[in-house]
Amino acid sequence: MSDLNETPRGMRTVIAFLGRRNAGKSSLLNALVGYDLAIVSDVAGTTTDPVHKAVEINPLGPCVVIDTAGIDDVGALGQMRIEKTREVIKDSDLGLIIIGDGSWTDFEEEIYQMLKEKDKPVIAVINKVDIDAGKDLEILLTNKNIEYVRTSVPEGLGIKELKEKIRAQKKAERFEDLSIIGDIINAGDLVLLVVPLDLGAPKGRLILPQVQTIRDILDNDATAVVVKERELADTLDKLYVKPGLVITDSQVVLKAAGDVPPEIPLTTFSTIFTRFKGDLRQMVEGVGAIDQLQNGDKVLIAEACTHHALADDIGRVKIPRWITQYSGKDLSFDVAAGPNFPPNIKDYSLIVQCGGCTITRRAYCNRIETAAEQGVPITNYGIAISYVQGVLPRIISPFPELRDLAEELKAW
Ligand code: SF4
């Protein structure tokens, strides 16, 4: 879990530094952040694992840079390195192809094709122009219609321009500026948050999705009121203003649905996060797979962080219990926790994914995409719990784009 003073990783722009060992990635990165970060190794064979580092790049703001040191250790991209590079590219918002010797080799072409395949913005960096002017490369990049910038770190050339180009891409791609619930609340609204402090809650603090939601409410000039589920009904009685929205922890959604009058919109943290990070419609459509489960089927519970699981954990205990009770089938459940999504998921009949508050939108969407590619239905914690507890139409009603689905579900 991130330090509370830091921007969560899931809200940072992710930039992949791609280039051969001699390209000058290390010094370029140091020039971008303005200090000696020293995470990039130019020594052959030091690592083949990508290194992720949270940095602040002025004036771009909070970013994660992913260094791919070692990907050209054997000249061309070997199979293992191709896989690792693909993973890095998948999780990035933008790829920088850094060239230090003025030549566009098969390596750069392969990387470029991978970036295009994934529809990622690309900026080529003709680095070390103090040593090699890179004029032929400029012509080649222009012909290929690839955006580029010329840099020389010792001469301080092109660094500002590179930041400008990254910033322009950020704007074009809307890597930032999205609000979690800004489009479904109004300034001045009171938003009531239901947060159980049970055995599963960490001591002495709120969890990241709750903190991020409170911040989003404040950013939208609304008021956040936080209660435990036990005080929910009492608090609603005391309030003389009707909340514009109630957001509950999924684990107590049934109680919240009973306590919150039907005219007040109600949803769950997990649902707003899956909408913010990915494709809520697909997650809602995926939940029907619970009705198709058969004896012996495997279900994957996917969590994007490795938080310490406590008694009665939602992913390990509660969701398996509720799905088993609802389906009446003999099922087996696996848990995949952490930022890496298992590449092979074909054996599963259903994936139940958490809200993914610690990963970027790209990484979250990649999970949905991987599931679609392998033909495995995917849904989300809040959606699955609300479905098996019979309150899903209400939980998705606050989102205008899903009203049709909510009506369909009500008619079932
Ligand atoms: S399990 Fe998922 S939603 Fe919960 S804190 Fe971890 S990443 Fe965030």
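One can find the structure itself at the top, above this paragraph.
Computed from a predicted structure; not experimentally measured.

A. Expanded view of the overall build of the chain. Scanning the chain from terminus to terminus reveals 15 helices and 14 strands. Taking all 412 residues of the chain together, the buried fraction comes to 52%. For the chain, restricting intrachain contacts to residue pairs at least 6 apart in sequence, the fraction spanning at least 24 positions comes to 74%. Roughly 18200 Å² of accessible area belongs to the chain as shown, and the carbon and sulfur atoms make up 50% of that amount.

B. Up close: the site of the ligand. Close to the ligand lie A304, C305, H307, C354, G355, G356, C357 and T358. In terms of residue class, the shell around the ligand is built from 4 nonpolar, 4 polar and no charged.

C. Seen up close, the environment of V191. By the secondary structure assignment, V191 is in strand β7 (residues 190-194). Sequence separation between V191 and V225 is 34 residues, and the spatial gap between their C-alpha atoms is 6.2 Å. If we ignore the near neighbours within four places in the chain, the residues touching V191 are I185, I217, T223, A224, V225, L245 and I247.

D. View of the pattern of salt bridges. In total, this model carries 21 salt bridges according to the counting rule given. For D101, the salt bridge is made with R20, and the minimal N-O distance between the two is 2.9 Å. One end of the pair, D101, is in the loop between β4 (94-99) and α3 (106-117); the other, R20, is in the loop between β1 (13-19) and α1 (25-33), and 81 residues separate them in sequence. Between K144 and E109 there is a salt bridge; the shortest N-O distance is 2.9 Å. Of this pair, K144 sits in the loop between α4 (135-143) and β6 (148-150) while E109 sits in helix α3, and the two are 35 residues apart along the sequence. What you see here is one network of salt bridges that share partners, running through R20, D101 and E108.

E. Structural detail: the nonpolar core. Residues I181, V284, I290, I351, V352 and I396 are the most contacted members of the largest nonpolar core, which totals 77 residues. For this core, the leading source of residues is helix α13 (residues 381-388), giving 6 residues. If near-sequence neighbours (up to four positions away) are discounted, I290 is found in contact with I323, Y326, S327, L350, A384, Y387 and V388. Among the nonpolar cores identified, the runner-up in size contains 23 residues, and I111, V122, A124 and I126 belong to it.

About the thresholds
- Residues numbered from 1 in each chain as written.
- Predicted model: local features only at pLDDT ≥ 70, side-chain atom pairs only at ≥ 80, totals over all residues.
- Heavy atoms only, no water.
- Helix = DSSP H or I, 4+ residues; strand = E, 2+ residues; numbered from the N terminus.
- Buried < 20%, exposed > 50% of the residue type's maximum accessible area, 1.4 Å probe, protein only.
- Contact = heavy atoms within 4.5 Å.
- Areas by Shrake-Rupley, 256 points an atom, 1.4 Å probe, with all protein chains shown as cover.
- Near = heavy atom within 4 Å.
- Nonpolar A, V, L, I, M, F, W, Y, C, P; charged D, E, K, R; others polar.
- Salt bridge = Lys/Arg side-chain N within 4 Å of Asp/Glu carboxyl O.
- Core = buried A, V, L, I, M, F, W, Y, C linked by side-chain atoms within 4.5 Å.

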